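Analysis of the macromolecular model
If you want the building blocks of each chain, they are given just below.
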Amino acid sequence: MIPFFPKQIANKGPLLYLASLTIVSMVFVKYAIPWYFMLMGLVEVLLFFMLVPKYSKVWLSLSPDKYEKKVFWTAFALRFAWVVFSYYFYTNQTGQPFEFDAADSHGYHGEATWLALEPWSRVFDYLFRSRSGYSDSGYCLYLTLVYKLFGSNIIVPRFFKAIYSALTCVLLYKLTVRLLGEKVARMAGVMAMLMPNLIIYCGLHLKETEMLFLSVAFLERADYLLRAKKISILNVLIPLFLAGSLFLFRTVLGAVAFFSLITALMFSPSRKVKKGRKVFVFLWVVLAVLVLAGGAIMNEVEELWVNRSRNQELKRTEQTIRGNQWAKYATGTVMAPMSFVLPFSSMVNTDQRNQLVLHGGNYVRNFMGAFAFIALFSALFVKKNWRDFALIGSFAIGYIGAVSLSGFANSERFLLPGLPCLIIFWAYGISVLNAKSFRFVKIWYWVVPVMEIAWSVFKIGSRGLL
């Protein structure tokens, strides 16, 4: 087993990034991205590929408690630094401390600012009675609470986001320890700590950071429930509550959480989860689903499922009308096989500046996708320990699959909730590397630049700019 990210592989990451960016910028010189986005992307790539090999190796000798503290405080420091920097960066670029072309974040801030001055009865009436769906109500409720306590100060919720995101890294480590062992877990914790996308979202007034925290907390507590020596009502209620809370952030995510828990109950190996416990927890899950089934949440789930094909078609039509002429070809059938490496990195300037801020992090996802494939292949055909991945695998594949069929298959924001599970796959894929799978990695070195260049051609060509 390889217990850390080898420098031999990691060093290729920045080199291939620079090669891809250089080729794209020379071929599409008219649409080359501004220098400061290039610098931002390079910092994101170097942060991950230079520091993950270092810390995944150096921190192996630490005790679990010291490791958790290192991960939390380093993750928090990076995220808080970005919160402060992005506040002034966005203010300088847009005139306000919100991202480029801010829409949802403006809406969340505006609603919470208004509701913070209203009595709680009015807040609950607005969020849970007057709305047709609940998929944004949880974040608005949370933001309203923060504003009631601390005033409608933009920086305060983002400070809390830095804390939640740092805790997410620790929870991911705890989950992976039980799933795959200490060495793989330490690699996964460091990768989450240094993952650019997880850092960047702490500086945005969006719900993704809190949603990721709840998702990973659910997975960690669900896994704990399945393995704990003694079972208690509290141990059962906590993961069910966390899964239910996800419906108030994104409906599909809540549905996938319950699906993953049921899948884990069915397929987790008996040596880790006793049969009697499976039956007991399954009955509680069924009870929770029946409670939800009579309300607006399950109506929302049913509506999404019934209209899934129509929603995808409408999304593609909308993109085509806006000038993205090739969007109609990006169907779920085409995008689903690529879901473990998506979204592609945007290295051309098509006036999608938020994607340019994130393009370095998306490149990391593209490069590291090789290890997700290696992990899946190993779990299914080599070690055949796929049952150990029942919980996180069904969560990641279920969610990413749903997004692939929704018309948002390359949307970084919609794919983000699957990232923590993918990070675990990356770490496991590295740990099981051998001579045969390393040959695949060396082929992947050629695939990555082709992906980035092809995606740039697609973005330019689909807008009729070639």
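Before any of the text, the structure's been laid out above.
What counts and how
- Residues numbered from 1 in each chain as written.
- Predicted model: local features only at pLDDT ≥ 70, side-chain atom pairs only at ≥ 80, totals over all residues.
- Heavy atoms only, no water.
- Helix = DSSP H or I, 4+ residues; strand = E, 2+ residues; numbered from the N terminus.
- Buried < 20%, exposed > 50% of the residue type's maximum accessible area, 1.4 Å probe, protein only.
- Contact = heavy atoms within 4.5 Å.
- Areas by Shrake-Rupley, 256 points an atom, 1.4 Å probe, with all protein chains shown as cover.
- Salt bridge = Lys/Arg side-chain N within 4 Å of Asp/Glu carboxyl O.
- Patch = residues over 30% accessible without salt bridge, like charges linked within 9 Å, V, L, I, M, F, W, Y side chains within 5 Å.
- Core = buried A, V, L, I, M, F, W, Y, C linked by side-chain atoms within 4.5 Å.
- Expected span 1.5 Å × (residues − 1).
- Axes fitted to C-alpha atoms, helices over the stretch in contact; angles between N-to-C directions.
- Left-handed = near helix turned anticlockwise from the far one by under 90°.
- Nonpolar A, V, L, I, M, F, W, Y, C, P; charged D, E, K, R; others polar.
- Phe/Tyr/Trp six-rings, centres within 6.5 Å; stacked < 30°, edge-to-face > 60°.

**What to know about the overall build of the protein**
Within the protein one finds 22 helices and zero strands. For the protein, with 466 residues in total, the buried portion stands at 54%. Long-range contacts, defined as pairs at least 24 residues apart, comprise 79% of the intrachain contacts of the protein with a sequence gap of at least 6. Total accessible area on the protein is roughly 19,800 Å²; 67% of this is exposed by carbon and sulfur atoms.

**With respect to the pattern of salt bridges**
In total, this model carries 13 salt bridges according to the counting rule given. When salt bridges with common partners are traced through the structure, they connect Arg-178, Glu-220, Arg-221, Asp-223 and Arg-227 into a single cluster.

**Some points on a nonpolar patch on the surface**
Nonpolar side chains collect at one region of the surface, where Met-266, Phe-267, Phe-377, Leu-380, Phe-381, Val-382 and Trp-386 lie side by side and expose about 710 Å² of accessible area between them. Mapped onto the nonpolar patch, the elements with two or more residues apiece are helix 13 (251-267) and helix 18 (353-382). Take the nonpolar patch: its biggest share by element is four residues, from helix 18. With respect to the secondary-structure elements, Phe-381 resides in helix 18. Judged by relative accessible area, Phe-381 falls into the exposed class, the value being 54%.

**Here we look at the nonpolar core**
Judged by nonpolar contacts, the single largest core of 143 residues is most densely connected at Phe-48, Met-368, Phe-371 and Trp-426. Not counting residues up to four positions away in its chain, the partners in contact with Met-368 are Phe-5, Phe-48, Phe-49, Met-191, Trp-426 and Ile-430.

**Examining the environment of Phe-389**
For Phe-389, the location among the structural elements is in the loop between helix 18 and helix 19 (390-404). Note on Phe-389: relative accessible area 8%, which makes it buried. In this view, Phe-389 contacts Leu-180, Ala-379, Ser-394, Phe-425 and Tyr-428; residues no more than four positions away in its chain are not counted.

**Details of the side chain of Glu-220**
Here Glu-220 lies in helix 11 (residues 208-227). Not counting residues up to four positions away in its chain, the partners in contact with Glu-220 are Leu-171, Lys-174, Leu-175 and Arg-178.

**Notes on the side chain of Asp-223**
On the secondary structure map, Asp-223 appears in helix 11. Its relative accessible area of 3% is what places Asp-223 among the buried residues. Not counting chain neighbours up to four residues away, the residues in contact with Asp-223 comprise Leu-175, Arg-178, Leu-179 and Leu-391.

**A short note on helix 9 (residues 182-194)**
Look at helix 9: 19 Å from first C-alpha to last across 13 residues, which is about the 18 Å you get at 1.5 Å a residue. Where burial is concerned, most of helix 9 is hidden: eleven out of the 13 residues are buried. Taken as a whole, helix 9 has its buried residues at Val-184, Ala-185, Arg-186, Met-187, Ala-188, Gly-189, Val-190, Met-191, Ala-192, Met-193 and Leu-194. Contact partners of the buried residues in helix 9: helix 3 (35-58), helix 4 (64-94), helix 8 (155-180), helix 10 (196-200), helix 18 and helix 21 (419-431).

**Description of unusual backbone geometry**
When glycine is set aside, most residues are seen to have a negative phi, and most peptide bonds are trans. The omega torsion across Leu-342 and Pro-343 is 0 degrees, close enough to zero to call that bond cis. Of note, Pro-343 is situated in the loop between helix 17 (332-335) and helix 18. The phi angle at Asp-101 is positive, at roughly 50 degrees, despite the residue not being glycine. Locating Asp-101 in the fold gives a position in the loop between helix 4 and helix 5 (104-115). Even without being glycine, Asp-351 reaches a positive phi, approximately 65 degrees. With respect to the helices and strands, the residue Asp-351 is situated in the loop between helix 17 and helix 18.

**Some points on the packing of helix 13 against helix 19**
It is at 8 Å that the axes of helix 13 and helix 19 come closest, and there the two elements cross at 145 degrees. Crossing of helix 13 over helix 19 shows right-handed handedness. Across from Val-252, Leu-253, Val-256, Ala-257, Phe-259, Ser-260, Leu-261, Thr-263, Ala-264 and Phe-267 in helix 13, the residues of helix 19 making contact are Ala-390, Leu-391, Ser-394, Phe-395, Gly-398, Tyr-399 and Ala-402. Its residues assigned to classes, the contact of helix 13 with helix 19 shows 13 nonpolar, four polar and no charged.

**Focus: the packing of aromatic side chains**
The full count for this structure, using the stated rule, is 48 aromatic pairs. Judged by centre distance (6.4 Å) and plane angle (5 degrees), the rings of Phe-72 and Phe-76 are stacked. With a gap of four residues between them, Phe-72 and Phe-76 both fall in helix 4, about one helical turn apart. For the pair formed by Phe-72 and Phe-76, the shared burial category is buried. Aromatic pair Phe-367 and Tyr-445: ring centres 6.2 Å apart, planes at 20 degrees, arrangement stacked. Remark: Tyr-445 occurs in helix 22 (residues 435-462) and Phe-367 occurs in helix 18; sequence separation between them is 78 residues. As far as burial versus exposure is concerned, Phe-367 and Tyr-445 are alike and both buried.

**Looking at the environment of Tyr-142**
As for its position among the elements, Tyr-142 is in helix 7 (residues 137-150). Using a relative accessible area of 16% as the deciding quantity, one classes Tyr-142 as buried. In this structure the C-alpha to C-alpha distance between Tyr-142 and Ala-112, which are 30 residues apart in sequence, comes to 8.6 Å. Every residue in contact with Tyr-142, bar those within four places of it in the chain, is listed here: Phe-160, Tyr-164 and Glu-210.

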